[in-house]
Amino acid sequence: MDILNLEGAEDTPKIILDKGNGIFEISGRSLPEDSAEFYQPVLDWIDEYSKDPNPSSDFMFKLEYFNTASSKLILDVLSALEDIDGMTIMWYFHEDDEDMEEAGEEFSELVEIPFEFKTY
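Before going into details, it helps to say that this report is about the structure given with it. (Residues numbered from 1 in each chain as written. Predicted model: local features only at pLDDT ≥ 70, side-chain atom pairs only at ≥ 80, totals over all residues. Heavy atoms only, no water.)

With respect to helix α3 (residues 98–110)
Residues spaced three or four apart along an α-helix face the same direction, because each turn holds 3.6 residues.
Alright, step 1. End to end, α3 covers 19 Å across 13 residues, agreeing with the expected 18 Å (1.5 Å per residue, within 8%).
Alright, step 2. Packed against the buried residues of α3 are β4 (57–66), α2 (68–81), β5 (87–93) and β6 (115–119). (Helix = DSSP H or I, 4+ residues; strand = E, 2+ residues; numbered from the N terminus. Expected span 1.5 Å × (residues − 1). Contact = heavy atoms within 4.5 Å.)

See the structure below:
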């Protein structure tokens, strides 16, 4: 399975999806001009991964900021991950970033996936 590696920019997050090395991470700032178009390759990759997933997977979100349009797509990503056995969401946030902590808590209530909250 191919590795999806998108370099982050000022308004797009860095994304690494690497089944072989067990690396699943979205980090940085997410305010792409067209969120649906930006996240489509991620959703396609997850769909492919769901057909033959690793026994366990830790999907890391290390977002500093995301806009409203991105939040809908992040929920779509989480919903796609919901169907994969052994999936855990690692939601990272800066110690003093209550907004990002609350966003993770809200997402965790909307999907049936175990969440672990971590500060950095």
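Concerning the pairing of β4
Alright, step 1. Relative to β4, strand β3 (residues 23–30) runs parallel, the two being bridged by seven bridges. What sits directly across from Ser-27, in β4, is Lys-62.
Alright, step 2. Assessed by its sense of winding, the connection that carries the chain from β3 through helix α1 (residues 35–49) to β4 is right-handed.
Alright, step 3. Bridging between β4 and β5 involves five bridges; their strand directions are parallel. The partner of Phe-61 across the bridge, within β5, is Trp-91.
Alright, step 4. Handedness of the β4-α2-β5 crossover: right-handed. (Pairing = 2+ DSSP bridges. Right-handed = clockwise from strand over helix to strand, strands pointing away.)

Observations regarding the pattern of salt bridges
Alright, step 1. Evaluation of the coordinates by the stated rule reveals five salt bridges.
Alright, step 2. Ionic pairing is found between Lys-14 and Glu-7, a salt bridge with its closest N-O pair at 3.3 Å.
Alright, step 3. Residue class for Glu-7 comes out exposed when judged on its relative accessible area of 57%. (Salt bridge = Lys/Arg side-chain N within 4 Å of Asp/Glu carboxyl O. Buried < 20%, exposed > 50% of the residue type's maximum accessible area, 1.4 Å probe, protein only.)

Things to note about the pairing of β6
Alright, step 1. Two strands pair when backbone bridges link them, and β5 and β6 are joined in this way by five bridges, in the parallel orientation. If you follow Phe-93 over to β6, its bridge partner there is Thr-119.
Alright, step 2. Taken together, β5, α3 and β6 constitute a β-α-β crossover, and its handedness is right-handed.

Considering α1
Alright, step 1. In a regular helix each residue adds 1.5 Å, so 15 residues correspond to 21 Å; α1 covers 21 Å between its end C-alpha atoms and thus fits that length.
Alright, step 2. In α1, a bend of some 30 degrees at Pro-41 exceeds every other bend along the element.
Alright, step 3. Along α1, the positions that sit buried rather than exposed are Ser-35, Phe-38, Tyr-39, Val-42, Leu-43, Trp-45, Ile-46 and Tyr-49.
Alright, step 4. Buried residues in α1 make contact with β1 (4–6), β2 (14–18), β3, β4, α2 and β5.
Alright, step 5. The N-cap of α1, judged by a side-chain oxygen 3.3 Å from the amide nitrogen of Ala-36 a few residues on, is Asp-34. (Bend = angle between axes of the 7 residues up to and from the residue. Polar contact = N/O pair within 3.5 Å; in protein donor to acceptor, adjacent residues only side chain to side chain.)

None of the figures reported here should be taken as evidence of function without further support.
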